[in-house]
Structure formats: C-alpha cells, structure tokens
Amino acid sequence: MFNKRVKVKDLLASEATGQEVTVMGWVRTFRNNQFIALNDGSTNNNLQIVVELGMLDENTLKRITTGASLKVTGEAVPSLGKGQKMEIKARSLEILGDSDAEKFPLQPKKHSLEFLREIAHLRFRTNTFGAVFRVRHALAFAIHQFFNEKGFVYIHTPIVTASDAEGAGEMFRVTTLPFDNPPRNEDGSINFKEDFFGRSTNLTVSGQLEGELAAMAFSEIYTFGPTFRAENSNTARHLAEFWMIEPEMAFYDLEDNMNLAEEFIKYIIRYAMEHNREDLDFLAQRLAEEEKALPQDKRSEMGLIEKLEFVMNNNFERITYTEAIDILLNSPAYKKKKFQYEVKWGIDMQSEHERYLVEKHFKKPVIVTNYPKEIKAFYMRQNDDGKTVAAMDILAPGIGEIVGGSQREERLERLTERMKEMHIPVEEMWWYLDTRRFGSVPHAGFGLGFERMVLFVTGMTNIRDVIAFPRTPKNAEF
Ligand code: ATP
Ligand code: MN
C-alpha cells in the first residue's frame with residue numbers, strides 16, 4: 001500500500017516519539033544538506049526531517065529543492081531545535097516529484113499578495129494561503145453545522161435562471177446561440193425561442209426567490225452556493241463569482257431575522273476560533289506585521305484575535321436607517337466635509353458612510369434597519385409609514401456590508417402593487433406569487449456573502465485573496 005502515511009498535524013499532536021512513521025509532503029526549505037522543512041498542508045507547521053550526513057548520494061541531495069515532493073520514512077525523535085517537539089530521523093527518502101529550483105516561482109522568502117495572485121495555482125503552498133483556505137473550509141463546515149443543528153433544510157437552488165427580477169446586479173447571459181449570427185425575430189431582435197432553454201437565461205445572482213418557495217414547506221431552509229454578478233466594480237470587496245449563504249424562514253419577522261443572523265455570525269467565528277486557532281494566530285501576526293507599514297490612523301485598533309473575541313462577546317448595535325443618517329449628519333467627519341458622497345435621508349449609503357458608523361462611531365458591528373423603499377428590492381415588506389421597508393443590513397468593521405436581509409412582503413396585493421411600480425413582470429413571476437396565494441405567512445431571510453465573512457475572520461484585506469481562483473473584471477485565469 002502506497003499511502004500508509006501519517007499527516008504532519010496528527011503526528012505533531014501525537015506521542016509517536018520512538019516509533020517509525022512515513023510522512024509525505026512538499027519541501028519548503030533544505031538547509032546544510034541536512035535539515036528539510038516538510039509541509040503537507042494539514043497544518044502551517046513544517047515537520048523537520050533530519051538526513052544523516054552520508055545517507056544520501058550527491059545526486060539525490062541536489063534534488064531536494066523547494067517545491068519538490070517527498071516520501072520519508074524514519075523514526076520520530078524529540079526535536080533539539082526550538083519550537084517543535086518532534087522531528088523525523090530519515091531512514092529512507094524517496095523523491096516523488098522534482099521541482100526545478102531555477103523555475104519554481106515560490107522562493108523561501110516573502111512574496112507580495114499581488115504577485116501570489118498571479119500564481120494562484122501555487123499560492124496554496126504558502127503559509128498565508130494555507131491558513132486562509134483552512135479557515136475558509138472551517139467556516140463552510142461551521143455554516144452547515146449551525147443550520148443542521150437548528151433543523152434547517154439545505155436547498156440547492158438553480159445556477160441557471162430565467163428570472164431577472166431580483167435586480168441584485170448585472171447578470172451573465174447563458175446561451176448556446178451562435179453569437180456571430182443568432183436567429184432573429186422579424187423585428188431584428190434575437191429569437192431566444194431557438195436558444196437551449198427556449199428562452200433567455202442567466203447565471204443566478206441570488207437563490208432567494210427559490211429559497212422562499214422551499215421555506216413555504218419546510219419552514220426553515222438555507223442555500224449555500226455560487227452566485228454571479230457582472231458588476232464592473234473593481235473593488236477589494238466585489239467578485240464576479242462569489243458564494244452566498246441565504247437562509248429563509250417562515251414565521252419570522254425582522255427581529256427574529258436579526259437575532260438569527262447575529263447568532264449565526266457569532267457561531268461560525270467561535271467555531272473557527274476553537275478549531276483553527278493556530279492558523280488564526282498566524283494570520284493575526286501577519287496582519288500586525290502588515291499594519292506596521294501603515295500610518296497610525298490607518299491601523300486597526302484591535303488585533304485580529306481581539307477583534308474576533310470582541311464580536312463573539314458583544315451585542316451588535318441595532319439602529320434604524322433614519323438614526324444612521326442622523327448620526328452621519330451630526331458627525332465631525334460630515335462637518336469637516338470628509339465624506340466624498342452626499343449624506344441625506346434617501347441615499348444608498350456608500351462604503352465610507354457604513355465604515356464611519358461601524359469603525360468610528362460604534363466601534364462594533366451594526367445592524368441598520370428600515371431603509372427607504374426606493375433603494376431596496378421589491379420583495380421587502382412595506383412598513384406602515386409608507387416610506388420604508390423592513391430591511392436589515394449588517395455592517396462589519398473593515399468590510400462594510402456583510403449581510404443584506406429583510407422581512408419579505410407576504411401580502412399579495414401589496415407585493416403585486418410594488419412589482420408594478422418597479423416594472424417587474426408580474427405574470428412571469430406567477431410561481432413566486434403563488435406562495436402569497438396559497439398559505440402565505442410572515443417570513444424573512446438574509447444573504448451573507450461568504451467571501452466577505454472569510455475576509456473578516458482571516459483579516460485579509462482583498463477579496464481576491466480569500467477565494468481560490470477569483471473571477472473579477474478582465475480576469476478568469478486558472
Ligand atoms: P454591495 O452594496 O456591497 O455591493 P449588495 O447590496 O449588492 O452589496 P446583496 O445583493 O444584499 O448585496 O447581497 C447579499 C450579500 O452578498 C452582501 O451583503 C455581500 O456580503 C455579498 N455580496 C454582494 N455582492 C458581492 C460581490 N460582488 N462579491 C462578493 N460578495 C458580494
Ligand atoms: Mn452590489
């Protein structure tokens with residue numbers, strides 16, 4: 001059997017001293033023709049392999065280069081070096097795959113995140129990305145565990161959709177029509193009846209509408225899948241392809257919705273703190289180093305671990321949109337004309353406004369509720385004031401909007417009225433409106449952008465660095 005190996009993480013946590021073990025992994029460094037730092041991705045900790053002088057021939061020694069893969073069998077012995085309790089005294093060493101040291105782009109030194117993005121196929125093999133992707137995995141797992149414990153049903157909503165009603169963003173078209181000569185109608189427009197699905201289709205921007213249908217049977221559901229937005233916003237917080245978690249709950253009002261979202265965020269942070277502490281400590285240190293280069297006023301007030309603990313242990317601030325605008329209008333920043341964008345009731349708050357509320361004013365996550373109906377989607381429940389809807393956004397320090405949600409409009413009349421006002425094709429949405437025709441109930445839900453959550457927990461600052469192969473305008477490499 002080839003794979004009778006032990007993973008480095010398990011080995012370092014074990015009491016294997018004195019036993020013979022087999023390990024496999026990739027060389028990070030090789031010093032003095034004697035000491036190999038081997039990493040297998042199970043942990044950021046490298047395992048030290050000691051090669052006795054004279055054990056390997058000259059040629060084999062030359063092939064132990066950064067990036068090469070090895071199979072090593074030997075005795076686990078107490079380590080004399082500092083920082084590690086155990087190392088392997090090699091008895092046999094096999095090179096599984098060579099790595100030309102001249103050509104291998106990852107050198108044992110610090111590379112910039114920008115450079116690593118260009119070699120995203122190899123960046124998994126760095127400490128930073130090792131930690132980021134293990135934390136990402138843990139968060140994904142925690143999300144399923146959270147909802148599973150609460151009895152939510154995981155629904156897979158379609159990736160290809162014909163509905164363009166959500167209005168959450170620009171969409172990517174899905175078609176098999178030849179784009180040099182598509183079939184046309186008499187008036188010259190493209191004849192989508194001849195397209196694969198017999199109609200015009202797109203990649204989904206959200207699974208919410210379909211999620212609502214399922215919530216009308218299971219009471220509580222969630223989706224966790226890819227979503228696509230062809231928005232040409234080249235920011236550090238937007239991707240063209242990102243993952244979203246969208247719970248949808250029958251018999252919930254806006255307050256129930258906020259409570260769930262807050263509990264959910266705290267739960268998954270706690271899970272990562274309990275299961276990925278080493279990686280988070282590493283990322284905290286990385287962030288602290290990075291911030292040393294920044295001017296004092298650009299540095300975070302808290303370290304990463306402190307920030308996560310703070311979020312876990314404190315209630316989120318809850319304010320209405322109207323209160324938020326008042327705070328902004330009365331802020332020193334506004335009076336000193338520090339905001340680039342206008343502030344007045346009715347605006348769609350810009351990132352600078354959200355970050356002021358969270359980072360300067362409250363210094364904690366903030367849930368903003370009851371937004372003007374003009375800037376929110378048609379399905380949000382209309383409040384009695386005639387001006388606002390029962391929406392809630394959660395704003396996080398360093399990120400801005402991390403969650404967008406609302407109580408949904410369950411009253412058929414009010415909903416269709418609003419759809420007409422917003423020019424949403426009511427007939428096409430017959431299936432959605434059926435939920436309001438047959439046993440409609442108060443319900444609510446929200447969407448959490450998974451990568452924004454990963455950004456928050458890892459302390460990374462660019463969303464391109466928390467998804468394996470980012471899709472952004474003009475970039476779909478790998
Ligand atoms: P923003 O104002 O930041 O563009 P949005 O209002 O378009 O967000 P929603 O439509 O409410 O966002 O989507 C729900 C969640 O999905 C957001 O709270 C955010 O966490 C995430 N999200 C939205 N757009 C993107 C994107 N392009 N890339 C990554 N995550 C996103
Ligand atoms: Mn957006």
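Q: What should I look at first to understand the pattern of salt bridges in this one?
A: Any two side chains of opposite charge can pair if their charged atoms end up close together. Scanning the entire structure with this criterion turns up 26 salt bridges. The salt bridge involving D465 is made with R117; its shortest N-O contact spans 2.9 Å. You can see D465 sitting in the segment after α14 (450–458) and its partner R117 sitting in helix α3 (residues 113–118), a full 348 residues away along the chain. On the accessibility criterion, D465 (1% relative accessible area) is buried. Between D434 and R437 there is a salt bridge, and its shortest N-O distance comes to 2.9 Å. In this pair, D434 and R437 are both assigned in helix α13 (residues 430–437), 3 residues apart and thus about one turn of the helix distant. You can call D434 partly exposed: its relative accessible area is 23%. Classification of R437 as partly exposed rests on a relative accessible area of 40%.

Q: Got a minute to help me understand the layout of surface pockets in this structure?
A: Left-over empty space is what a probe sized like a water molecule reveals as it rolls over the atoms. One number sums up the size of the largest pocket: a volume of about 1400 Å³. In terms of lining residues, the largest pocket is bounded by 40 residues, among which K298, R299, R355, E359 and G398 are the most central. Sort the elements by how many residues they give to the lining of the largest pocket and helix α11 (residues 351–362) lands first, with 6 residues. Of the residues assigned to the lining of the largest pocket, the class counts are 18 nonpolar, 6 polar and 16 charged.

Q: Would you take a moment to explain the sheet that holds strand β9 (residues 201–203) for this structure?
A: Neighbouring strands of a sheet are bound in pairs by backbone hydrogen bonds; such pairs are parallel or else antiparallel. Overall, antiparallel pairing links the 3 strands, which are arranged β7-β9-β8 in an open sheet. Only two strands of the sheet have a single partner each, and these edge strands are β7 (160–161) and β8 (173–174). Looking at chain direction, β8 and β9 are connected through 2 bridges and run antiparallel. Following the sheet pairing, V174 is matched in β9 by T201.

Q: I would appreciate a short explanation of a positive patch on the surface in the present structure.
A: Positive charge collects at one region of the surface, where K298, K336, K338 and K360 lie side by side. Mapped onto the elements of the fold, K360 is located in helix α11. You can call K360 exposed: its relative accessible area is 52%.

Q: Where do I start with the packing of aromatic side chains in this structure?
A: Each aromatic ring pair is characterised by the separation of its centres together with the angle its planes make. Going through the model one piece at a time under the given rule, you end up with 22 aromatic pairs. Ring centres 5.0 Å apart and planes at 35 degrees place the aromatic pair F147 and F264 in the tilted group. Of this pair, F147 sits in helix α4 (residues 127–149) while F264 sits in helix α6 (residues 254–275), and the two are 117 residues apart along the sequence. Take F147 and F264: they sit in the same class, and that class is buried. Measuring from ring centre to ring centre gives 5.1 Å for F224 and F450, while their planes differ by 70 degrees; the resulting arrangement is edge-to-face. Placement of F224 in strand β10 (residues 220–228) and of F450 in helix α14 is noted, with a sequence separation of 226 residues between them. One exposure class covers both F224 and F450, and it is buried. Ring pairing ties together the aromatic residues F146, F147, F152, Y154, Y222, F264, Y267 and F446, which thus form one cluster. Above the ring of Y371, the side-chain terminus of K376 is found at 4.3 Å from the ring centroid. The ring of W345 carries K387 above its face, with NZ or CZ at 5.2 Å from the centroid.

Rules and cut-offs
- Residues numbered from 1 in each chain as written.
- Chains lettered and ligands numbered in written order.
- Predicted model: local features only at pLDDT ≥ 70, side-chain atom pairs only at ≥ 80, totals over all residues.
- Heavy atoms only, no water.
- Salt bridge = Lys/Arg side-chain N within 4 Å of Asp/Glu carboxyl O.
- Helix = DSSP H or I, 4+ residues; strand = E, 2+ residues; numbered from the N terminus.
- Buried < 20%, exposed > 50% of the residue type's maximum accessible area, 1.4 Å probe, protein only.
- 1 Å grid on protein atoms, 1.4 Å probe; cavity = no way out; pocket = protein on both sides within 12 Å on 5 of 7 lines; lining within 4 Å.
- Points joined across faces, edges and corners; volume = space filled by probe spheres on them.
- Nonpolar A, V, L, I, M, F, W, Y, C, P; charged D, E, K, R; others polar.
- Pairing = 2+ DSSP bridges.
- Patch = residues over 30% accessible without salt bridge, like charges linked within 9 Å, V, L, I, M, F, W, Y side chains within 5 Å.
- Areas by Shrake-Rupley, 256 points an atom, 1.4 Å probe, with all protein chains shown as cover.
- Lys, Arg positive; Asp, Glu negative; His and termini not counted.
- Charge placed at Lys NZ, Arg CZ, Asp CG, Glu CD.
- Phe/Tyr/Trp six-rings, centres within 6.5 Å; stacked < 30°, edge-to-face > 60°.
- Lys NZ or Arg CZ within 6 Å of the ring centre and 35° of its normal.

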